[in-house]
Amino acid sequence: MPERNPYQMALEQLDKCAKIMNLDPNIHEILKYPKRVLCVNVPVRMDNGKIKVFTGFRSQHNDALGPFKGGIRYHPNVTMEEVMALSIWMTWKCAVAGLPYGGAKGGVICNPKEMSVGEIERLSRGYFHAISSIVGPDIDIPAGDVNTSGREMAWFMDEYSKVKGYNVPGTVTGKPIIIGGSEGRVEATGMGVAITGREAAKKLGIELKKATVVVQGFGNVGYYSAYFMEKLGCKIVGVSDSRGGIYSKKGLSVEHVSKFKEKTGSVVGYPDAEDMTNEQLLEQECDILIPAALENQITEKNADKIKARLILEGANGPTTPEADEILFKRGIVVVPDVLANSGGVSTSYFEWVQNLQNYYWSKEEVIEKLDKLLVKAFNNVYETYKKYGTEMRMAAYICAINRVAEAMKVRGWV
Ligand code: NAD
């Protein structure tokens, strides 16, 4: 396969869906392009007194269903094409979950690991100020992503509020709870993975009380996915982090492994389990595999060695298109990232709703609403998957494109 940039990949996926669903060519044409991409150059005074200019982007793909929504990442490899592709995928993710949002994404080319907290704060405020005319609670609501979290969201919210002259908590999500963040946001993505896993297991006849689970990555998404799958009665037999994996047929206690990792910095070396590489872990015996670390982990090289019956994509983009085809032929069901990890953006939506109302919900209320929302989204995708007999990823995209297309039609865009 020749190297394609992420934007080309997003377009290829769109073309494939358009063919399967016989999409109106006018709608297809509009969906190929972000509505707007803003590029900003942000001067930042570094700690050594010198000015350094950082380049950042905000891509807003489609807002037929509602204001744009999507995270902002800080990474040295950010490109405009990557941000554009990610904004397209956000349009699909929001539409699959049934949220009243369109897709957006932002990114700044920088390496926060080599910057002081002060430099990161000045960059964050400068970047958000520079994009402030195209964001806001009714226009575009950013959130955290790679290398950005509650700390940056608080600075963004503060900077935007200064521009406006009053508090605007609904301008970003993923904020600390004290300034309008939502209860349940921290565990929401992993919980969503488990909820979609529970629904998929029902359809596939997998009995969760007897099911074994391997989780790649033991960070926010991986840990909470393992935690909630264990709560559903599954036996967690393998987990991993960047240093490697551990596997035990007898099963692992998520709580004990987490305590061990807290003490030693890694899951590797956990007693009563076999240490192995991340590559080996993916190929171990299990019923359910949850890649929850990085992109491109399941590829044409290992897809024929995967033993799981069901894959829940906690991470974004862990399966390559080539691997997707191999898994589909082998009858292994993949619940795609846009559905499996949409618990995060759905709870972000709840955060925004609470901000707009200035009325805050308990964690129980958030969890109950999240469960309902994801069950509905899963069943929608599952019906489409059965109807078209295609991969569940394509089915999810078809559901999403249908919703966006309908909104575009009734609004008279085509
Ligand atoms: P995180 O940084 O909290 O955790 C990542 C984990 O992956 C860490 O345990 C790290 O050690 C491990 N890891 C890194 N390299 C690895 C490797 N080569 N092999 C195995 N493990 C490795 O990040 P996160 O927030 O849990 O995000 C994980 C994935 O989920 C990303 O793809 C992210 O885009 C996606 N995601 C996250 C959220 C969210 O709400 N946090 C929402 C949707 C999607």
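Residues numbered from 1 in each chain as written. Predicted model: local features only at pLDDT ≥ 70, side-chain atom pairs only at ≥ 80, totals over all residues. Heavy atoms only, no water.

1. Focus: the pattern of salt bridges
Our working rule: Any Lys or Arg side-chain nitrogen found within 4 Å of a carboxyl oxygen on Asp or Glu counts as a salt bridge. We count a stretch as a helix when DSSP gives it H or I for four or more residues in a row; a strand needs E for two or more, and each element gets its number in order from the N terminus. Relative accessible area decides the class of each residue, using a 1.4 Å probe on protein chains only: under 20% of the type maximum gives buried, over 50% gives exposed, and in between gives partly exposed.
Scanning the model with the defined rule gives 25 salt bridges in all. For the salt bridge of K16 with E391, the shortest nitrogen-to-oxygen distance reads 3.6 Å. Here K16, found in helix 1 (residues 6-21), pairs with E391, found in the loop between helix 13 (363-388) and helix 14 (392-410); they are 375 residues apart in sequence, far enough to count as distant. Its relative accessible area of 34% is what places K16 among the partly exposed residues. Of the charged contacts in the structure, one is a salt bridge between E187 and K363, with a shortest N-O distance of 2.7 Å. A residue pair is termed long-range when its members are at least 10 positions apart, and E187 in helix 6 (residues 185-204) and K363 in helix 13 qualify at 176 residues. Take E187: its relative accessible area is 11%, and that puts it in the buried class. Judged by its relative accessible area of 31%, K363 is partly exposed. One connected set of salt bridges, linked through shared partners, spans E121, R125, D158, E159 and K162.

2. Observations concerning the sheet that holds strand 10 (residues 288-291)
Note the following rule: Strands pair, by our definition, only if DSSP identifies at least two bridges between them. Every angle, taken between N-to-C directions, lies between 0 and 180 degrees, and every axis is a line fitted to C-alpha atoms, over only the stretch in contact when it is a helix. Contacts between residues were defined by any pair of non-hydrogen atoms, one from each residue, lying within 4.5 Å.
The strand order across the open sheet built from seven strands is 9-8-7-6-10-11-12, with neighbouring strands paired in mixed fashion. Every interior strand has two partners, whereas the edge strands, strand 9 (274-276) and strand 12 (333-335), have only one. Strand-to-strand twist of the sheet, defined as the mean angle between neighbouring strand axes without regard to direction, takes the value 20°. Relative to strand 9, strand 8 (residues 244-247) runs antiparallel, the two being bridged by three bridges. Bridging from a neighbouring strand, G245 pairs with M276 of strand 9. Contacting strand 10, strand 11 (310-312) and strand 12, helix 6 crosses the sheet at an angle of about 160° to strand 11.

3. Observations concerning the environment of G184
Relative to the elements of secondary structure, G184 occurs in the loop between helix 5 (150-164) and helix 6. Classification of G184 by relative accessible area gives buried; the value is 10%. In sequence terms G184 and I367 are 183 residues apart; their C-alpha atoms lie 7.0 Å from each other. With residues up to four places along the chain from it excluded, the contact list for G184 reads T347 and K363.

4. Here we look at the pairing of strand 6 (residues 212-216)
Where we set the bar: Here, the term right-handed applies to a crossover whose path from the first strand over the helix to the second runs clockwise when the strands point away from the viewer.
Strand 6 sits mainly inside the fold: five of its five residues count as buried. Of the two faces of strand 6, the one carrying T212, V214 and Q216 and the one carrying V213 and V215 are both buried. Note: strand 6 against strand 7 (residues 235-241), four bridges, orientation parallel. Looking across to strand 7, one finds that T212 is bridged to K235. For the handedness criterion, the β-α-β arrangement of strand 6, helix 7 (residues 220-231) and strand 7 is classed as right-handed. Examined bridge by bridge, strand 6 and strand 10 share four bridges and lie parallel to one another.

So far we have only geometry, and geometry alone does not tell us how the molecule works.
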